[in-house]
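The chain contents come next:
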Amino acid sequence: AQKVTQAQTEISVVEKEDVTLDCVYETRDTTYYLFWYKQPPSGELVFLIRRNSFDEQNEISGRYSWNFQKSTSSFNFTITASQVVDSAVYFCALSEAKTSGSRLTFGEGTQLTVNP
Amino acid sequence: DAGVIQSPRHEVTEMGQEVTLRCKPISGHDYLFWYRQTMMRGLELLIYFNNNVPIDDSGMPEDRFSAKMPNASFSTLKIQPSEPRDSAVYFCASRNFAGRTGELFFGEGSRLTVL
C-alpha cells in the first residue's frame with residue numbers, strides 16, 4: 001500500500017525566511033508520481049508540481065524548489081524568502097503508474113503560517 | 001476556460017435528509033474524481049470516473065453514498081440518508097489523461113454540514 005507522511009503539522013516563520021516542508025513516501029511500485037498541492041485559506045486545491053519517479057532532477061520555479069531523493073523516499077519542498085501570501089496548507093501526494101496516475105494518496109498536510 | 005464548477009458551495013442539512021452535490025468538470029477532461037476532506041481523515045478519494053464510467057469506487061464509505069456521471073459534463077454525489085459524520089468538504093476534480101503534467105484540477109469544494 002502507498003503512504004505519504006508529512007511529519008510537520010504546523011510551521012510558523014517570519015516573512016523573508018526560507019522554509020522547507022518535508023514529505024516522505026512509501027510505495028512498492030517502481031514507477032510512480034509525486035505531487036505538491038497548495039490549499040490557501042479560500043479552500044481550493046492548487047497544483048504546484050508533479051515529478052516522475054525516474055526523474056530525480058531537482059526543480060526550481062521562482063521562489064519554490066523541490067528536492068526529490070529516491071534513496072530516502074523524500075520529496076521536500078522549499079520556499080525561499082517566504083511571503084505572507086504563502087500562508088496555506090501544503091499537501092504532498094503520491095500516485096502509482098499502474099492506476100494511470102489517477103489514484104492520489106495525500107499526506108496529512110502542513111499548515112504554513114508566514115508572519116509579517 | 002472555466003475551471004471545475006461545484007454546487008452548492010455550502011449546504012446545511014438535518015440528519016436523515018438527502019444531499020446531492022454537483023460537479024461540472026473542465027471541458028475535454030476525461031477523468032473525474034470525488035474527494036472528501038475532513039480533519040480526522042484528511043483528503044480521501046471516494047470514486048473516480050473515466051469517460052463517464054466508474055473505475056474505482058472503493059473509497060465510497062457505505063451504501064448511503066452514490067455517484068453518477070450521466071454525461072461528460074456533469075456528475076453528482078448523493079448521500080441518502082445523511083448523517084452528522086458525513087460533514088466534510090467534498091471536492092470534485094478533473095484531468096485530461098493526455099495532459100503533460102497529469103495534474104488534477106480541483107473545484108472550490110462543497111462544504112457539507114449535517115446537524
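The sections below set out a description of the structure shown in this document. (Residues numbered from 1 in each chain as written. Chains lettered and ligands numbered in written order. Predicted model: local features only at pLDDT ≥ 70, side-chain atom pairs only at ≥ 80, totals over all residues. Heavy atoms only, no water.)

Next up on the list: the sheet that holds strand β8 (residues 74-79) of chain B. Residue and element names in this part refer to chain B. In spatial order, the strands read β1-β3-β8-β7; together these 4 strands make up an open sheet with antiparallel pairing. Two strands in the sheet have a free side with no partner beyond their single neighbour: β1 (5-7) and β7 (65-71). Sheet twist, expressed as the mean angle between neighbouring strand axes with direction ignored, is 15°. Summarising the sheet, strand β3 (residues 19-24) and β8 pair through 5 bridges and their orientation is antiparallel. Within β8, the position partnered with Cys-23 by the bridge is Ser-75. (Pairing = 2+ DSSP bridges. Helix = DSSP H or I, 4+ residues; strand = E, 2+ residues; numbered from the N terminus. Axes fitted to C-alpha atoms, helices over the stretch in contact; angles between N-to-C directions.)

Turning our attention to unusual backbone geometry. Cis rather than trans, the peptide bond between Ser-7 of chain B and Pro-8 of chain B has omega equal to -10°. With respect to the helices and strands, the residue Pro-8 of chain B is situated in the loop between β1 and β2 (10-13). Going from Gln-80 of chain B to Pro-81 of chain B, the amide bond is cis rather than trans, its omega being -5°. Checked against the element boundaries, Pro-81 of chain B lands in the loop between β8 and β9 (88-95). A positive phi angle is found at Lys-16 of chain A, which is not glycine, with a value near 85°. Among the secondary structure elements, Lys-16 of chain A is positioned in the loop between β2 (10-14) and β3 (19-21). Taking relative accessible area as the criterion, Lys-16 of chain A reaches 70% and is therefore assigned exposed. The backbone phi angle of Ser-73 of chain A is positive, close to 50°, even though this residue is not glycine. By the secondary structure assignment, Ser-73 of chain A is in the loop between β8 (64-69) and β9 (74-79). (Buried < 20%, exposed > 50% of the residue type's maximum accessible area, 1.4 Å probe, protein only.)

All chains considered together, the criterion is met by 12 salt bridges over all chains. We note a salt bridge from Asp-55 of chain A to Arg-51 of chain A, for which the minimum N-O separation is 3.3 Å. Taking relative accessible area as the criterion, Arg-51 of chain A reaches 6% and is therefore assigned buried. Each of Glu-62, Arg-64, Glu-83, Arg-85 and Asp-86 of chain B takes part in salt bridges that share partners, so that together they form one network. (Salt bridge = Lys/Arg side-chain N within 4 Å of Asp/Glu carboxyl O.)

As a volume, the largest pocket reaches approximately 700 Å³. If you trace the largest pocket, you find 32 residues lining it, with Gln-39, Val-89 and Phe-91 of chain A together with Gln-37 and Met-39 of chain B closest to the centre. Mapped onto the lining of the largest pocket, the elements with two or more residues apiece are β10 (88-96) and β12 (110-115) of chain A together with β4 (31-38), β9 and β11 (110-114) of chain B. Taken together, the residues of the lining of the largest pocket sort by class into 10 nonpolar, 16 polar and 6 charged. (1 Å grid on protein atoms, 1.4 Å probe; cavity = no way out; pocket = protein on both sides within 12 Å on 5 of 7 lines; lining within 4 Å. Points joined across faces, edges and corners; volume = space filled by probe spheres on them. Nonpolar A, V, L, I, M, F, W, Y, C, P; charged D, E, K, R; others polar.)

Residue and element names in this part refer to chain A. Relative to the assigned elements, Gly-109 resides in the loop between β11 (105-106) and β12. Taking the relative accessible area as the measure of exposure, Gly-109 reaches 7% and is therefore buried. A C-alpha to C-alpha distance of 23 Å links Gly-109 and Ala-97, two positions 12 residues apart in sequence. In contact with Gly-109, other than residues within four places in its own chain, are Gln-6, Gln-8, Thr-9, Val-89, Tyr-90 and Phe-91. (Contact = heavy atoms within 4.5 Å.)

Nothing here speaks to function; it is geometry throughout.
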